[in-house]
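For reference, the chains in residue letters:
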Amino acid sequence: MTSKLYRFGIFALVFAAGVAVATLAQRGQGGAGKSAGSVAAKTETKLAPSSSKTDIPMDDERIQAAEIGLSETGPGTVAKRLVVPGILIPDSDRVARVTVKLAGTVSELRKNIGDEVKRGDLLGIIESREVAEARSEYLASKLSDELQQELTGRDKGLSEGRAIPEQQYIKSRSAAAQSHMRFDIARQKLLALGLEEAEVGATPNAPEGTLRLQAVRAPISGRVVERKVEIGTAVGRDSQSPELFVLVDLSKVWVEMTVSSNDLANVREGQSVRISVAGDAAVGTAKVRFVNPVLDKETRSARVVAELDNADRTWRPGAFVTAAIAVDEREVPVVIPITAIQTVAGRKAVFVRTADGFRKRDVVLGQRDGTSIEATSGLKAGERIASSNTFSLKAELSKPTDED
């Protein structure tokens, strides 16, 4: 019995020793595997290429499809601006109020409100007894003057031939001077009534029925903004309609601004003014033409007027605008559009056109002026950059590559 127990104990001890050896062997192999895997991973990480990316391959077809605009960098002007409210008004030198200088009745109207007219165009016709009398006087004085000049010429010849006394020729010459003066007075009267030189000269050959008619013509080119009479309306000195039409030439308009006394020292005639309207993409450039030296006694501000080109009739008088007066302008080597700039990895960047597409380029920006900004470094004049829809390029830059 004792012998069996002894042999059983030895067997159990040997079995336990074998299990322990097998376990230690397995742990040793696992540790070696892990160590080798760790070294390989570290080596692979060290050899992996950088994930930074600056170039974006893109051909002309893709650029056009993405509607990416291109522009060339170059020198420009940036300015420090004083922003003030303003209102558009007609240029007072381009407003004409058409009136008549005689009493009469409107017999015909050729133009209506909204019509475009040229200087000298016929606007309407006035029938007037006053102009008929003045024309009749002109014709009579013209005929009398012609006869008297003919008589004086004959008397001059007779006087030189001693056929008549010299005293008679002197009287004839005096009568000729007086008749010519009466004729000139009649002519000036027609001009004062509003007839043009050509109309006065054509009076002797005009049909009899037209002698009482007075043509009303446009004194300037522009647009009819008011018509204050109808056919049959009495006009003239004692009537209620002194004005017939109001014409406005809108090829140039004025921007009327109010500048406080604190800022007035920085505003001078000749400075440029950027004009914009809230909610409208249109931007215009005006020039200061008048700075009122007298302050308003209530607001302690001054009236400033700038002139704005309006050939395409974009700007309408009466509209409120924002006026940015350039109080300090300077030339800089490189100016780029605001729309060209994107923020990539916390830095300002633009996308420069290359032979294969675009390349991201970090830039340092300077003073901003409206829709453009100075690039103080990172760009040279003459480089082509993406100027619009650049967000699509930023998105393309952030896409993972095959190496990633």
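Residues numbered from 1 in each chain as written. Predicted model: local features only at pLDDT ≥ 70, side-chain atom pairs only at ≥ 80, totals over all residues. Heavy atoms only, no water.

## Some remarks on the packing of aromatic side chains
Moving on, step 1. In the structure shown here, the tally under the stated rule is 1 aromatic pair.
Moving on, step 2. Residues tyrosine 138 and phenylalanine 183 carry aromatic rings whose centres are separated by 5.3 Å and whose planes lie at 35° to one another, so their mutual orientation is tilted. Here the residue tyrosine 138 occupies a position in helix 3 (residues 129-160), and phenylalanine 183 occupies one in helix 4 (residues 166-192), the gap between them amounting to 45 residues. Per residue, the accessibility class of tyrosine 138 equals that of phenylalanine 183, and both read buried. (Phe/Tyr/Trp six-rings, centres within 6.5 Å; stacked < 30°, edge-to-face > 60°. Helix = DSSP H or I, 4+ residues; strand = E, 2+ residues; numbered from the N terminus. Buried < 20%, exposed > 50% of the residue type's maximum accessible area, 1.4 Å probe, protein only.)

## Comments concerning the sheet that holds strand 7 (residues 122-127)
Moving on, step 1. Read from one edge to the other, the open sheet built from 4 strands follows the order 8-7-5-10, with strand pairing classed as antiparallel. The sheet is open, and its two edges are formed by strand 8 (213-217) and strand 10 (234-235), each paired on a single side.
Moving on, step 2. Alignment of strand 7 against strand 8, held across 5 bridges, turns out to be antiparallel. Its bridge partner lying in strand 8, isoleucine 126 is registered against glutamine 214. (Pairing = 2+ DSSP bridges.)

## Here we look at the environment of glutamate 166
Moving on, step 1. Its location among the elements puts glutamate 166 in helix 4.
Moving on, step 2. Accessibility expressed as a relative area gives 55% for glutamate 166, which makes it exposed.
Moving on, step 3. C-alpha of glutamate 166 to C-alpha of lysine 156: the two residues are 10 residues apart in sequence and 8.8 Å apart in space.

## Quick word on the pairing of strand 16 (residues 320-337)
Moving on, step 1. Pairing between strand 3 (residues 74-90) and strand 16: 13 bridges, direction antiparallel. Counted as the bridge partner of arginine 81 is alanine 326 from strand 16.
Moving on, step 2. In the sheet, strand 13 (residues 272-276) pairs with strand 16 via 4 bridges, with the strands oriented antiparallel. Among the inter-strand pairings, valine 273 is bridged to a residue of strand 16, identified as isoleucine 325.

## What to know about the confidence of the model for the protein chain
Moving on, step 1. Here the protein chain averages 83 in pLDDT, while 85% of its residues score no lower than 70.
Moving on, step 2. Here residues 1-14 is a poorly scored stretch, pLDDT under 50, and it has 0 contacts once near neighbours within four places are set aside; other chains count.
Moving on, step 3. Low pLDDT, under 50, characterises residues 19-51; the predicted model gives this stretch 2 contacts beyond four residues in sequence or across chains. (pLDDT = per-residue confidence, 0-100. Contact = heavy atoms within 4.5 Å.)

## Points about the sheet that holds strand 6 (residues 116-117)
Moving on, step 1. Spatially, 4-11-9-6 is the arrangement adopted by the 4 strands of the open sheet, whose pairing is antiparallel. Looking at strand neighbours, the two that pair on one side only are strand 4 (95-99) and strand 6, the edges of this open sheet.
Moving on, step 2. Both strand 4 and strand 11 (residues 243-248) contribute to a ladder of 5 bridges, which runs antiparallel. Each residue of the ladder has a partner; that of arginine 97, found in strand 11, is valine 246.

## A short note on helix 3
Moving on, step 1. Spanning 32 residues, helix 3 covers 47 Å between terminal C-alpha atoms, matching the ideal 46 Å at 1.5 Å per step.
Moving on, step 2. By the burial criterion, the buried members of helix 3 are Val131, Ala132, Ala134, Arg135, Tyr138, Ser141, Asp145, Gln148, Thr152, Asp155 and Ser159.
Moving on, step 3. Contacts made by the buried residues of helix 3 are with helix 4, helix 5 (197-201) and strand 8.
Moving on, step 4. Near the N-terminus of helix 3, the side chain that reaches the backbone nitrogen of glutamate 130, with its oxygen 3.1 Å away, is that of serine 128.
Moving on, step 5. Just beyond helix 3, the residue with positive phi is arginine 162, at close to 65°. (Expected span 1.5 Å × (residues − 1). Polar contact = N/O pair within 3.5 Å; in protein donor to acceptor, adjacent residues only side chain to side chain.)

## Quick look at the packing of helix 3 against helix 4
Moving on, step 1. Packing of helix 3 against helix 4 brings their axes to within 8 Å, and their N-to-C directions diverge by 160°. Overall, the two elements helix 3 and helix 4 adopt an arrangement that is roughly antiparallel. Here helix 3 runs over helix 4; the crossing is left-handed.
Moving on, step 2. Residue classes in the contact of helix 3 with helix 4 are distributed as 10 nonpolar, 9 polar and 11 charged. (Axes fitted to C-alpha atoms, helices over the stretch in contact; angles between N-to-C directions. Parallel < 35°, antiparallel > 145°, perpendicular 65-115°, else oblique. Left-handed = near helix turned anticlockwise from the far one by under 90°. Nonpolar A, V, L, I, M, F, W, Y, C, P; charged D, E, K, R; others polar.)

## Side note on a positive patch on the surface
Moving on, step 1. Taken together, the side chains of Lys118, Arg223, Arg313 and Arg316 define a basic patch exposed on the protein surface.
Moving on, step 2. Checked against the element boundaries, arginine 313 lands in the loop between strand 15 (301-309) and strand 16. (Patch = residues over 30% accessible without salt bridge, like charges linked within 9 Å, V, L, I, M, F, W, Y side chains within 5 Å. Areas by Shrake-Rupley, 256 points an atom, 1.4 Å probe, with all protein chains shown as cover. Salt bridge = Lys/Arg side-chain N within 4 Å of Asp/Glu carboxyl O. Lys, Arg positive; Asp, Glu negative; His and termini not counted. Charge placed at Lys NZ, Arg CZ, Asp CG, Glu CD.)

## Quick word on the environment of lysine 156
Moving on, step 1. As for its placement among the helices and strands, lysine 156 is situated in helix 3.
Moving on, step 2. Judged by its relative accessible area of 42%, lysine 156 is partly exposed.
Moving on, step 3. Sequence separation of lysine 156 and serine 172 is 16 residues, and the distance between their C-alpha atoms is 8.7 Å.

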